[in-house]
Amino acid sequence: MDERNFTFMFYGFAMAWLILLGYVVALVARERKIKSELDNLKRIVEGKEHLK
Amino acid sequence: MRQRVLIGLAAIAAVLFAYNFHTIFLRLPDEASQGAIYRIMYFHVPAAWVAFAGFFVALVASVLFLVRKGLRYDRLAVSVTEVGLAFAAVNLITGMIWGRIIWGIWWTWDWRLTSMLVCWLLYAGYLMLRRAVDEPTQRAKVSAVFSIFAFADVPIVFFSIKWWRTQHPQPVVWGGGSMDPAMMSALFANVIPMLVLAIVLTALRMRQEEMRQEIETLRRLSYAA
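The rules behind these values
Residues numbered from 1 in each chain as written. Chains lettered and ligands numbered in written order. Predicted model: local features only at pLDDT ≥ 70, side-chain atom pairs only at ≥ 80, totals over all residues. Heavy atoms only, no water. Helix = DSSP H or I, 4+ residues; strand = E, 2+ residues; numbered from the N terminus. Rg over C-alpha atoms; globule rule 2.2 N^0.38 Å. Areas by Shrake-Rupley, 256 points an atom, 1.4 Å probe, with all protein chains shown as cover. Lys, Arg positive; Asp, Glu negative; His and termini not counted. Charge placed at Lys NZ, Arg CZ, Asp CG, Glu CD. Contact = heavy atoms within 4.5 Å. Buried area = accessible area lost by both parts, 1.4 Å probe. Salt bridge = Lys/Arg side-chain N within 4 Å of Asp/Glu carboxyl O. Polar contact = N/O pair within 3.5 Å; in protein donor to acceptor, adjacent residues only side chain to side chain. Patch = residues over 30% accessible without salt bridge, like charges linked within 9 Å, V, L, I, M, F, W, Y side chains within 5 Å. Core = buried A, V, L, I, M, F, W, Y, C linked by side-chain atoms within 4.5 Å. Buried < 20%, exposed > 50% of the residue type's maximum accessible area, 1.4 Å probe, protein only. Phe/Tyr/Trp six-rings, centres within 6.5 Å; stacked < 30°, edge-to-face > 60°. Axes fitted to C-alpha atoms, helices over the stretch in contact; angles between N-to-C directions. Parallel < 35°, antiparallel > 145°, perpendicular 65-115°, else oblique. Left-handed = near helix turned anticlockwise from the far one by under 90°. Nonpolar A, V, L, I, M, F, W, Y, C, P; charged D, E, K, R; others polar. pLDDT = per-residue confidence, 0-100.

Caption draft 1: Up close: the overall build of chain A. Each helix and strand in chain A was counted, giving 1 helix and 0 strands. By the compact-globule yardstick of 10 Å for 52 residues, chain A is too spread out, its C-alpha radius of gyration being 23 Å. With an accessible surface of roughly 3700 Å², chain A has 63% of that area assigned to carbon and sulfur atoms. The positive charge centre, built from 9 side chains, and the negative charge centre, built from 7, are 7 Å apart in chain A.

Here it is as structure tokens:
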């Protein structure tokens, strides 16, 4: 492979993957947060129904 | 079942990416004047196509929401917009890195670059707008109208290099420039795994929206009880 501008080509590919990887990590973190919020709410609603 | 399909699709995307990278880095010839940097094109161009495909799906889903009032269309619109925005960011950043070497500058206020940045900002605004409205149906309605309005910029980005004199290279796929057939097929081949990856991410994001709507329903139940 031609080595001219190889460093910037590497930066380009690295940035592309970093953006996508960053998005996937954010997606996974958000999913965990939503799941725990959903579980908490389910417990609260079930608790209130038991009290009735 | 849904989880298995998503894992399968992600595996297919990974295999296709590996095969394409082998082709791009080891089998394709170098470009005479640009050196290695031209290979950014294999990520830069498909990322833009995938982003535009996502924004188009968001447009269709938004219109369907306004016509049929189903919240699942809203879920699809927001999910595909967010994923499209990530791919649009890949397109903008890789383009800037390429421009730094070929043009000697990171950025220029050229028609193509500016309209793409405006496109990115419009869809980022769409996501911010959603946070500002609490009531789900109202939020879906406002977002759908905004999404339809935002899509008006996509054809401008696409045709800007035809309509105006720009610094951006002329298209090699539909008139203007030309490309070696092997390079062209590698470019198209890299669209497939990116599209598959976008589908997987959209499906994951949609699942989150479903859970969010469940949370909103439970909150109302919890306040009512």
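Structure's up, so let's keep going.
Caption draft 2: Quick look at the interface of chain B and chain A. Each partner contributes residues to the interface: chain B has 40 residues there, and chain A has 30 residues. Across the chain B/chain A interface, buried area totals approximately 3500 Å², and carbon plus sulfur atoms make up 74% of it. Where chain B packs against chain A, one counts 4 salt bridges. The closest approach of N and O atoms between glutamate 214 of chain B and lysine 42 of chain A, which form a salt bridge, is 3.6 Å. The interface formed by chain B and chain A contains 8 residue pairs in polar contact (both at pLDDT 80 or more). At the level of secondary structure, the elements contributing two or more residues to the side of chain B that touches chain A comprise helix H1 (2–27), helix H3 (71–102) and helix H7 (181–224) of chain B.

Caption draft 3: Region of the structure containing a nonpolar patch on the surface. On the surface, Phe6, Phe10 and Tyr11 of chain A cluster together into a nonpolar patch covering about 320 Å² of accessible area. Along the chain, phenylalanine 10 of chain A turns up in helix H1 (residues 6–51).

Caption draft 4: Seen up close, the nonpolar core. Judged by nonpolar contacts, the single largest core of 46 residues is most densely connected at Phe43, Phe55, Phe87 and Tyr123 of chain B. Of all the secondary-structure elements, those providing two or more residues to this core are H1 of chain A together with helix H2 (41–68), H3, helix H4 (111–132), helix H5 (136–151), helix H6 (153–163) and H7 of chain B. Tallying contributions element by element places H3 of chain B first for this core, with 12 residues. Every residue in contact with phenylalanine 55 of chain B, bar those within four places of it in the chain, is listed here: Thr81, Gly84, Leu85, Ala88, Cys119, Tyr123, Phe151 and Val154 of chain B.

Caption draft 5: Up close: the packing of aromatic side chains. Considering all chains together, one arrives at 25 aromatic pairs over all chains under this definition. Taking the centre distance of 5.1 Å and the plane angle of 75 degrees together, the rings of tryptophan 17 of chain A and phenylalanine 17 of chain B count as edge-to-face. On the criterion of chain membership, the pair formed by tryptophan 17 of chain A in helix H1 and phenylalanine 17 of chain B in helix H1 is interchain, its members lying in two chains. On the basis of relative accessibility, which here comes to 7%, the residue phenylalanine 17 of chain B falls in the buried class. Judged by centre distance (5.4 Å) and plane angle (80 degrees), the rings of tryptophan 98 of chain B and tryptophan 103 of chain B are edge-to-face. A connected cluster of aromatic rings, assembled from ring pairs, spans Phe13 and Trp17 of chain A together with Phe17, Phe21, Phe25 and Phe43 of chain B.

Caption draft 6: Main features of the packing of H1 of chain A against H7 of chain B. Here H1 of chain A crosses H7 of chain B at 25 degrees, and the two axes come no closer than 9 Å. When the interaxial angle is binned, H1 of chain A and H7 of chain B end up roughly parallel. For H1 of chain A against H7 of chain B, the interelement crossing comes out left-handed. Looking at the contact of H1 of chain A with H7 of chain B residue by residue, the classes come out as 15 nonpolar, 2 polar and 11 charged.

Caption draft 7: View of the confidence of the model for chain B. Residue and element names in this part refer to chain B. When pLDDT is averaged along chain B, the result is 92, and 96% of the positions lie at 70 or above. The secondary structure element of chain B with the lowest average pLDDT is H7, at 91, and the one with the highest is H2, at 97. Among the scores for the predicted complex, ipTM is 0.89 and pTM is 0.93.

Caption draft 8: A look at the side chain of arginine 139 of chain B. Residues and elements named next belong to chain B. Following the sequence through the fold, arginine 139 ends up in helix H5. Among the residues examined, arginine 139 registers a relative accessible area of 13% and is labelled buried. A polar side-chain atom of arginine 139 sits 3.3 Å from the main-chain carbonyl oxygen of valine 133. Setting aside chain neighbours within four positions, we find arginine 139 in contact with Arg130, Val133, Asp134 and Glu216.

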